[in-house]
Amino acid sequence: TQLLEQSPQFLSIQEGENLTVYCNSSSVFSSLQWYRQEPGEGPVLLVTVVTGGEVKKLKRLTFQFGDARKDSSLHITAAQPGDTGLYLCAETSGSRLTFGEGTQLTVNP
Amino acid sequence: NAGVMQNPRHLVRRRGQEARLRCSPMKGHSHVYWYRQLPEEGLKFMVYLQKENIIDESGMPKERFSAEFPKEGPSILRIQQVVRGDSAAYFCASSPASGYEQYFGPGTRLTVT
């Protein structure tokens, strides 16, 4: 089971700022998912990236998959308080998902 | 299309009692996964089931924990003789087939007193 490292662990910013969070592994990802989890709720799937170098956009969120498929980033433009939550990356290992520890993002109004 | 449903959302049990957590997958999904999120820890895989079959239970504690997904009805995660260390959020996810994207339910928060 490979280890997923997410950074930073905590991030607190003001509304309107941009931010980037990272997900890294020592091994090659087969595919990578990004989820967002709000307090008291389950993780919600944001995106799946599969191909090295892939870039996907979801409104103000931009997801990148590294060329070597060992790292990924999530960039949020003009963050809003509604973006507050725990951002998790997860890798498919056979039939299971292996999650990173997450980045806890707080966007202050 | 209804999402993954879990009940109860909150469950309180005294030490030594049994806890039963239920999960109904999304319509059209026949693969169910259970994960546990301990306080201050990440989500950890427990077990993967298809209808009437346990496919991978390598993440489940060897004692007191069991899971099933019968032909009819929801998947059940059963914890016997609960201890304080079992207090956690238990999440169920489903997918239409193995290797496909997994969609999570809202979780059951188990508190053992």
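Conventions we followed
Residues numbered from 1 in each chain as written. Chains lettered and ligands numbered in written order. Predicted model: local features only at pLDDT ≥ 70, side-chain atom pairs only at ≥ 80, totals over all residues. Heavy atoms only, no water. Helix = DSSP H or I, 4+ residues; strand = E, 2+ residues; numbered from the N terminus. Rg over C-alpha atoms; globule rule 2.2 N^0.38 Å. Buried < 20%, exposed > 50% of the residue type's maximum accessible area, 1.4 Å probe, protein only. Areas by Shrake-Rupley, 256 points an atom, 1.4 Å probe, with all protein chains shown as cover. Lys, Arg positive; Asp, Glu negative; His and termini not counted. Charge placed at Lys NZ, Arg CZ, Asp CG, Glu CD. Contact = heavy atoms within 4.5 Å. Pairing = 2+ DSSP bridges. Axes fitted to C-alpha atoms, helices over the stretch in contact; angles between N-to-C directions.

Chemist: What's the story with the overall build of chain A in this structure? I'm lost.
Modeler: Of regular secondary structure, chain A possesses zero helices and 11 strands. In chain A, the succession of helices and strands from N to C terminus is β-β-β-β-β-β-β-β-β-β-β. Here the C-alpha radius of gyration of chain A, 13 Å, is about what a compact globule of 109 residues would show, namely 13 Å. A principal-axis box enclosing the C-alpha atoms of chain A has dimensions of 40 × 30 × 20 Å. For chain A, the proportion of its 109 residues judged to be buried stands at 48%. On chain A, roughly 5,100 Å² of surface is accessible, and the fraction owed to carbon and sulfur atoms is 50%. Computed over 8 positive and 11 negative side-chain charges, the inter-centroid distance for chain A is 7 Å.

Chemist: Got a minute to help me understand the overall build of chain B in this structure?
Modeler: Scanning chain B from terminus to terminus reveals zero helices and 11 strands. Starting at the N terminus and walking to the C terminus, you meet the elements of chain B as β-β-β-β-β-β-β-β-β-β-β. Taken against the 2.2 N^0.38 rule, which gives 13 Å for 113 residues, the C-alpha radius of gyration of chain B at 13 Å falls within 12% of a compact globule. Across its three principal axes, chain B shows a C-alpha extent of roughly 35 × 25 × 25 Å. Among the 113 residues that make up chain B, the fraction classed as buried is 46%. Here the contacts in chain B between residues at least 6 apart in sequence split such that 53% fall between residues at least 24 apart. When the accessible surface of chain B is summed, it comes to about 5,800 Å², and 46% of that surface belongs to carbon and sulfur atoms. Once the 16 positive and 11 negative side-chain charges of chain B are each reduced to a mean point, those two points are 7 Å apart.

Chemist: When you look at the sheet that holds strand 7 (residues 65-68) of chain B in this model, what are you seeing that I'm missing?
Modeler: Hydrogen bonding along the main chain pairs the strands of a sheet, whether they run parallel or antiparallel. Residues and elements named next belong to chain B. Here four strands make up an open sheet; going across it, the order is 1-3-8-7 and the pairing antiparallel. Edge positions in the sheet fall to strand 1 (5-7) and strand 7, since each of these pairs with one other strand and no more. Strand-to-strand twist across the sheet, computed as the mean angle between neighbouring axes with direction ignored, equals 15°. Taken together, the five bridges between strand 3 (residues 19-24) and strand 8 (residues 75-79) define a ladder with antiparallel strand orientation. By the bridge assignment, Arg22 is partnered in strand 8 with Ile76.

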